[in-house]
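# What the coordinates show
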Amino acid sequence: MNPASVALSGKGLTNLLRRGTSILRRYGLSAGKVDRELAQFADVLRRYGCSASFPVTSVALERHPETIKKYQAQGIEFAIHGYRHLDHSQLSRLEQQNQLALAKQIFDQAGISPKGFRGPYLRWGPDTLDTLRHLDLAYDSSQGLAWDVLDGNDTPAYRHVLGFYGALPADDYPSVPNLEDGLVRIPYSLPDDEALVERLDLESQAEMSALWLAILRRTYELGELFTVGLHPERTTLCMEPLTAVLGEAQSLAPPIWIARLDEIAAWWRDRFEATVEIEELGADRFHLTLSAPRGTSVLVRGFEVDAPTDPWAADYRQVGATVFTIRASKRPWIGLSPATSSQL
């Protein structure tokens, strides 16, 4: 396949030339500028007490292993972004197996154990996911979800790239992880930094901040996930929206968990291990025993609990125990027949 033709079809000639020029201007031809951008990003993360996940091609890791390992030691996760920046949806199963196995081998040789993958151009196929499972990776974060925060002020360039990415509307698809045959799928939120800087004709970082803050508020209201997409070379250009989102996220109550993708994938797997044993005691009383990973929260509303509780949000309360009795006139959970279709 021809990587240039794929990039051209996805970005269009104008945007491809603009991005190529901007990368050369911001990166130069050495690792020095990349190092400075990552240092700036890492400084912001330290200021807000959080970390981040960066997908990186294995070719880049081969060329600059010390730079990557320096920031991994600071708590930043590096995920596989392919061996080279190729459209995996256009590769055969064997080509993907070879490319991704080589990519993982390079990570392993560098002493970086990769947990996940994001496809270049956010493009993937069933063979991609099967290959990731075979390589025992924990997650994929290639599915784009487009948030309707533009109030009709989108552009042809942005609409074009959404189609190229295969992005789904966030109004129709919940922005939450999904466990598919052992692989955690974590959605990627759009518009991302490329859209803010190069596709939406925005005139200021304040306009960029408004869009990301709108996504943050929507996901917070829905109890969903905002995966912030920011390439290192645009750290300076997107500094205001990045700090605006982190600042507001840390101010909210109940708090937001600001986490790396590998942490989210591990938590999502763990929560499927949780079990609840229910014993009916009669007279509208039920004894519950929760077996779950450390840090699990139990939220209740609308009935009595014989355990300490603290206010959480709206009329929910957080139970300070994993074994307790409730009093309720109706069973406060949903039951599905074993005959229910797996698709439902």
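See above for the structure.
Note that the structure is predicted; figures quoted are calculated from it, not measured.

A word on the environment of Ala292. Within the secondary structure, Ala292 is located in the loop between strand E11 (285–291) and strand E12 (298–300). Taking the relative accessible area as the measure of exposure, Ala292 reaches 33% and is therefore partly exposed. With 86 residues separating them in the primary sequence, Ala292 and Ala206 have C-alpha atoms 42 Å apart.

The geometry of helix H5 (residues 93–109) relative to helix H6 (residues 126–134) is characterised by a closest axis approach of 9 Å and an angle of 40° between their N-to-C directions. Put simply, H5 runs oblique to H6. At the point where H5 passes H6, the crossing takes the right-handed sense. Residues Arg93, Gln96, Gln97 and Leu100 of H5 pack against Asp127, Thr128, Asp130, Thr131 and Leu132 of H6. For the contact of H5 with H6, the per-class residue count stands at 2 nonpolar, 4 polar and 3 charged.

This next bit is on the state of the cysteines. Taken as a whole and assessed by the stated rule, the structure comprises 0 disulfides. A disulfide-free cysteine, Cys50 has its sulfur positioned 16 Å from the sulfur of Cys238, the nearest such atom. Using a relative accessible area of 15% as the deciding quantity, one classes Cys50 as buried.

Before going further, it helps to spend a moment on the packing of aromatic side chains. Within the structure shown, the criterion is met by 9 aromatic pairs. The interplanar angle of 75° and the centroid separation of 5.8 Å between the aromatic rings of Tyr121 and Phe164 together place this pair among those described as edge-to-face. Note that Tyr121 is positioned in the loop between strand E3 (116–117) and H6 and Phe164 in helix H7 (residues 156–165), a separation of 43 residues in sequence. Residue Tyr121 is classed as buried on the basis of its relative accessible area, which comes to 10%. On the basis of relative accessible area, Phe164 is assigned to the buried category, the value being 11%. Relative to Tyr165, the ring of Phe164 has its centre 6.4 Å away and its plane inclined at 45°; by these criteria the two rings are tilted. Each member of the pair, Phe164 together with Tyr165, is buried. These aromatic residues form a ring-pair network of at least three members: Trp257, Trp267, Trp268 and Phe272.

Further remarks concern the sheet that holds strand E14 (residues 309–311). Strand order in the open sheet made by the 3 strands is E12-E15-E14, with antiparallel pairing throughout. Pairing within the sheet leaves two strands with one partner each, and these edge strands are E12 and E14. Neighbour-to-neighbour, the strand axes of the sheet open up by a mean angle of 35°, direction not taken into account. Here E12 pairs with strand E15 (residues 317–319) via 3 bridges, running antiparallel. Counted as the bridge partner of Leu299 is Gln318 from E15.

What counts and what doesn't
Every residue gets a number counted from 1 within its own chain, in the order that chain's sequence is written. Per-residue local features of the predicted model are confined to residues with pLDDT of at least 70, and side-chain atom pairs are confined, for both listing and counting, to 80 or more; whole-chain, interface and lining totals are unaffected and use all residues. To obtain the side-chain values, all non-hydrogen atoms of the structure were included, while hydrogens and water were left out. To qualify as a helix, a DSSP run of H or I must reach at least 4 residues; to qualify as a strand, a run of E must reach at least 2; elements of each kind are numbered from the N terminus. Note on exposure labels: buried denotes an accessible area under 20% of the residue type's maximum, exposed denotes more than 50%, and partly exposed covers the range between, all computed with a 1.4 Å probe on protein chains only. Here an angle of 0 to 180 degrees is reported between the N-to-C directions of two axes, which are lines fitted to C-alpha atoms, with helices fitted over the stretch in contact. Should an angle lie under 35 degrees it is considered roughly parallel, over 145 roughly antiparallel, and from 65 to 115 roughly perpendicular; all remaining angles are considered oblique. In a left-handed crossing the near helix is turned counterclockwise from the far helix by less than a right angle, and in a right-handed crossing that turn is clockwise. Any two residues whose heavy atoms approach within 4.5 Å at even a single point are treated as in contact. Asp, Glu, Lys and Arg are counted as charged, while Ala, Val, Leu, Ile, Met, Phe, Trp, Tyr, Cys and Pro are counted as nonpolar; the rest, among them Gly, fall into the polar class. Two cysteine sulfurs form what is called a disulfide whenever their separation falls within 2.5 Å. Only centres within 6.5 Å qualify two rings of Phe, Tyr or Trp (six-membered ring in Trp) as a pair; their planes then separate them into stacked at under 30 degrees, edge-to-face at over 60, and tilted for everything else. Following DSSP output, two strands are said to pair if at least two bridges run between them.

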